[in-house]
Amino acid sequence: KPRVPWPPVKEKIANKNIVVWDNPVTDDSPWIKVKDRNNQNDHAAEFKDGAICFVSTANGWNEFAWSDHLRLTLKPATTYRLDFDYDVTVDLTGPNCTFYSLVRCGEPISKDVGWQQWLGGAGQSGHRSIIFTTRENPDYRVIFGIRDMGGISIRNIRIVEVK
C-alpha cells in the first residue's frame, strides 16, 4: 500500500476541518459566566479584552465559564479539537488545586469527554490543546474551571470540527 505523505500538506488538512468557534469572548458571545452551585465563589468570571478572566477565592470545584450549547453547538458523535491560550494571574492554592477544562453534556459525568488539568504559577502563560469525540448526546458544552483557589485568563479559544 502507498505510504501517506509525511509531513502532511497543511492546506489539505486545513480544508477538512470546520471552525466552530474562533472569536474573542464578549458579553454577546455564546459563553456563560457560571454563577450557580457549580461555582463555590460569590462572584462570576469577567469577559475582558476578548478573554475569560476569573479568580477563585474558594476551595472546591469552581466552574467559571461554559459554552452555551444552544448557540455554540457540538454535534453528537463528532470529533473536535479545542485550543486556547492561558495566563495564570494568581497562584494556585488549596488541597487539590488545579486548572481544568472538559466537555460535558446534561447526562451523568460518566459521559464527560476532553478532560484536561494543568498547573501554573502567577505570571506563567501557555497553550492547551485537546482532541475529543462527543458521544450520542446533543447538548455538549465546553467548561473551564479552577479547583480550589487561583486565577486565570483564557483567550484565543478555538474549536474546530476535525474531518
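In short, a report on the structure. Being a predicted model, the structure only gives us computed values, none of them experimental.

Counting residues in hydrophobic clusters, the biggest one holds 32 residues, and the most contacted among them are W31, I52, F64, F144, I154, I157 and I159. Looking at this core, the elements that each hand over two or more residues are β4 (51-56), β5 (61-67), β6 (79-104), β7 (113-118), β8 (125-133) and β9 (141-161). With eight residues, the single largest contributor to this core is β6. Contacts of I52, omitting those with residues within four sequence positions, involve V25, W31, A45, E46, F47, F64, A65, F144, I152, S153, I154 and I157. V34, W66, L102 and I143 belong to the second largest nonpolar core, which has five residues in total.

The next point concerns the environment of D49. Position of D49 relative to the elements: it lies in the loop between β3 (46-48) and β4. The exposure class assigned to D49 is exposed, which follows from its relative accessible area of 84%. Distance from D49 to G150, taken between C-alpha atoms, is 20 Å for residues 101 residues apart in sequence.

About the criteria used
Residues numbered from 1 in each chain as written. Predicted model: local features only at pLDDT ≥ 70, side-chain atom pairs only at ≥ 80, totals over all residues. Heavy atoms only, no water. Core = buried A, V, L, I, M, F, W, Y, C linked by side-chain atoms within 4.5 Å. Buried < 20%, exposed > 50% of the residue type's maximum accessible area, 1.4 Å probe, protein only. Helix = DSSP H or I, 4+ residues; strand = E, 2+ residues; numbered from the N terminus. Contact = heavy atoms within 4.5 Å.

Nothing here speaks to function; it is all geometry.
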